[in-house]
Amino acid sequence: MASSSRNKTPDLPTPEPDSPALSLKRQPYRFSTLCATVDSPDADHKDQHGSSSVPIYQTATFKGIGKAYDYTRSGNPTRSHLEHHIAKISSAQHAFSVSSGMAALDVITRLLKPGVEVIAGDDLYGGTNRLLTYLRTHMGVTVHHVDTTRADSVTEFLHPGKTAMVLLESPTNPMLKVVDIARISALVKETCEDALVVVDNTMMSPYWQRPLEHGADIVYDSATKYLSGHHDLMAGVITCNRDDIAKDMAFIINSVGNALSPFDSFLLLRGTKTLAIRLDRQQSTAMLVAQMLTKLGFVTHYPGLPNHPNKDVHDRISNGYGAVLSFETGDKELSERIVGATRLWGISVSFGCVNSLISMPCVMSHASIDPATRAERGLPEDLIRLCVGIEDPADLLDDLRHALMEAGSIAFAANDYIRIPNPISRAVEKLALNESHAARQRANREWFVSAPGKVILFGEHAVVHGVTAVAASVDLRCFGLTSPRYDRKVSVHFSDISDYKAEWDVDSLPWDALVSIPKGDSHPDVLDQRLVDAINSRVLPADCDMPPKAHNAALAFLYLYMTMSYGEYRPTFHFICRSTLPIGAGLGSSASFSVCIATALIILHGRIELPVVPPPTREGGPGEPGHVHISHGGQRAIPPDVAVETNKWAFIAEKVLHGNPSGVDNSVAVFGGALAYVRPGFGKRSGMDQIQGFKSLKFLLVDSKVPRDTKALVAGVSRMKAEQPEVVQKLLDQIQAISNEARRALADPNVPRDVLLSGLSALIDENHAHLVSLGVSHPSLEAIRAATAAAPFGLSTKLTGAGGGGCAVTLVPDEFQAASLVSLISALEAQDFRPYITAVGGSGLGILSPYDPINFDDDGETDASPPLSPPMTPGTNREDGALPRSIRARFENVGTEELSQWATGRGKWLYV
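For clarity, every value in this text was computed on a predicted model and none was experimentally measured.

### A look at the overall build of the protein
What the protein contains, in helices and strands, is 27 helices and 29 strands. Relative to its full complement of 912 residues, the protein shows a buried share of 55%. Long-range contacts, defined as pairs at least 24 residues apart, comprise 73% of the intrachain contacts of the protein with a sequence gap of at least 6. Total accessible area computed for the protein in this model is approximately 38,400 Å², and 52% of it derives from carbon and sulfur atoms.

Written out as structure tokens, the structure reads:
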């Protein structure tokens, strides 16, 4: 019986009086009474001595033939009492008790058959994730992880005849996400009537939530938690209302032999008697803790808070809010200090005990989920989980406040506790004030930046599964220019993304949602979801009201702009971005964009220091540029620390854009050249290594103009690997061998040029054939490949990036005739493809040198002196707040074909 009132209880069986003389029927007992009242399963189980407590039948065998019990693995009176009691308080017809919560899930998943599909949430207990991974790897079970907080998200993965189980948690552990169990159960039954809806109800227990009342087929709890309440035993319980399912699970439990022991059954039965009274105290204290943390400004996850997502759903299907909550600090190290500073809150995994516990899920209960998957699922590394016990609320609150103070997260001032968003020393604060003058000087300049695109030469798709990818920069670039504004506004113009233009009043941005990163500190491993949500809901139009690519680009820009801001300094400027890269063709256009915005912003926010102009010489001329580095090409070089800082922030922008980037694209866009990348988590050394001595290669890039869905393509390869593991692993091993050979050849200065080009050509053909076998090519790419391979050209071509459309790369040998190249380009253009002649392995990030003087005429052109940005021309006389003497007007209007030549002619660039 569904109920939205916390005063109502399910219509469960109530013991009738022994005397039939009473004419008035008793009211159904309420939940706490049902918990405390343990009645016999049937007349045969009444204790002959009238014991007030259920006896422990501590025996392995029973004498006699044909009796109810013969062997404790198959049945035991103490366990029967427990299971009858659990069924009674769970609105269930059947209940089973086993050795742990994971044993309960193991019994349930044994109902699955090889080849079926399971839908599960994306915020799961680490042990659940581990078992699902095992089933996927060893049993051929396909597992789809979806955002179950949106009921409709399961619909596209419901496949009649294939979907066998939908596994839910609500609230989830540890993000406390609310799932509409009733709605999803209905959707599942409409499409896949044979699929089982299974709910892990450990976070709520039968006291607060009974999923069987809302359409679930099977419910299980880790009884180690609330049902026991004392952490002195391990147990799991399973409940259901279907006789056929109960019969199958009873057979599995008897066969496997993981039924709960008599003594643990006794302890668990004893624990359930105080379930209601314990949970009432724990919940009321949990609400106080959640309210305190929210008041202090922490992002707090608890279904009882008024603004908790899907709170209305939780109120509809549950009778309470639970005693587990979590909160974010914005800093993993700060979280570690807070956890370590507590006294009453015991540092431990698990929850549901009478004692309060504190933990960091990402380093404890959920550490078995790899960091990339945690980040993809939005699990913050700094998250702290609190499991509230029955101690005095005042003591728990006081202990937590002291821990927050000791860690430097809050302070006591004006008779109240206040949040210190980013605790920094007074010396740093003073330094920030002293830097304000320098900051204003930076903001009064124009800054011109650029970054290259990339191609993945070898290892596409296979990199996701641990194979080495070889990536290199191309000389097609993205350019960004900042121009000062003096009207308290920041604006953007993304010329190549639907010509998107927007401006925002700086003071109207959602600064209340910001946890800024002090200068010198690094951004945490995960995004600040609270800030992302605030920008999306309060600053940007909905996705449907603006092109998705423009929406994501604006979100990345604003996220970096706000996160880098510290103190009261918030630069105001206009940023325009242009590209000679085809957008969305798999050439790293988003990464080069990310590098451009990251570079411009860290300069304007003063997070990096370019070499300063030295004092004039005695002759009165400008001094030499001091410690400026010189690159191999004779160009001035960007200092390594600047490049590293830029790359860190560009990676954050890539996370905003793509969720879980590998880091390859932004690294190539910053450092240029070529690198080899190995993803972590595959039992070998991971990371990125520059390929020293990489020789510049001539390539023809061909944009198929066919959009691709990277996520779908990657998922397709993963499905294929799950279905045909031996076949796919063989392909991956062959691609790894290709990457190894290419890497050795590219880094070996003794390999003759003609031998190198011939070898790379063969490796390109071989690599592409394997990618075709993985199903990630596309007819458009095969058409490009056929055109380039045809006589008289005879060139080798492969897809790059995601495939499924996008771009192809063709190696052009040194001796290839210019006339033949022109002919090939014409043939490709005749098929409506877009070719680009480019070189691979060039410079990375570029910043226009700030050293030499600059002279602009009124049209933004230069006189005979070499032009150089940024100009030092304070003041304005234009309505939009831009400087009158700048290169902005020309930059906005120069043709795309001329852009690269025009930009490189502006002055002396600094390059990585």
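That was the structure; now back to the text.
### What about the sheet that holds strand β11 (residues 357–359)?
Strand order in the open sheet made by the five strands is β8-β9-β12-β11-β10, with mixed pairing throughout. Two strands in the sheet have a free side with no partner beyond their single neighbour: β8 (299–301) and β10 (346–347). Where β8 and strand β9 (residues 324–328) come together, three bridges link them in antiparallel fashion. In the sheet register, V299 faces β9, and the bridge partner there is E328.

### Some thoughts on the packing of helix α17 (residues 548–564) against helix α18 (residues 589–604)
It is at 10 Å that the axes of α17 and α18 come closest, and there the two elements cross at 25°. One element, α17, and the other, α18, form an angle in the roughly parallel class. The two elements α17 and α18 cross, and the hand of that crossing is right-handed. Here A553, A556, F557, L560, Y561 and M564 of α17 come into contact with α18, specifically with F593, I597, A598, L601 and I602. Within the contact of α17 with α18, the residues separate by chemical class into eleven nonpolar, no polar and no charged.

### Quick look at the sheet that holds strand β5 (residues 196–200)
Strand order in the open sheet made by the seven strands is β1-β7-β6-β5-β4-β2-β3, with mixed pairing throughout. The sheet is open, and its two edges are formed by β1 (94–98) and β3 (142–146), each paired on a single side. Here the average twist between neighbouring strands, direction ignored, is 20°. Sheet topology note: the strand β6 (residues 218–222)/strand β7 (residues 236–240) ladder contains five bridges and is antiparallel. Paired with D221 across the bridge in β7 is V237. Across the sheet, helix α2 (residues 77–89) touches β1 and β7, and the angle it forms with β1 is around 130°.

About the cut-offs
- Residues numbered from 1 in each chain as written.
- Predicted model: local features only at pLDDT ≥ 70, side-chain atom pairs only at ≥ 80, totals over all residues.
- Heavy atoms only, no water.
- Helix = DSSP H or I, 4+ residues; strand = E, 2+ residues; numbered from the N terminus.
- Buried < 20%, exposed > 50% of the residue type's maximum accessible area, 1.4 Å probe, protein only.
- Contact = heavy atoms within 4.5 Å.
- Areas by Shrake-Rupley, 256 points an atom, 1.4 Å probe, with all protein chains shown as cover.
- Pairing = 2+ DSSP bridges.
- Axes fitted to C-alpha atoms, helices over the stretch in contact; angles between N-to-C directions.
- Parallel < 35°, antiparallel > 145°, perpendicular 65-115°, else oblique.
- Left-handed = near helix turned anticlockwise from the far one by under 90°.
- Nonpolar A, V, L, I, M, F, W, Y, C, P; charged D, E, K, R; others polar.

These figures come from the coordinates and say nothing about function on their own.
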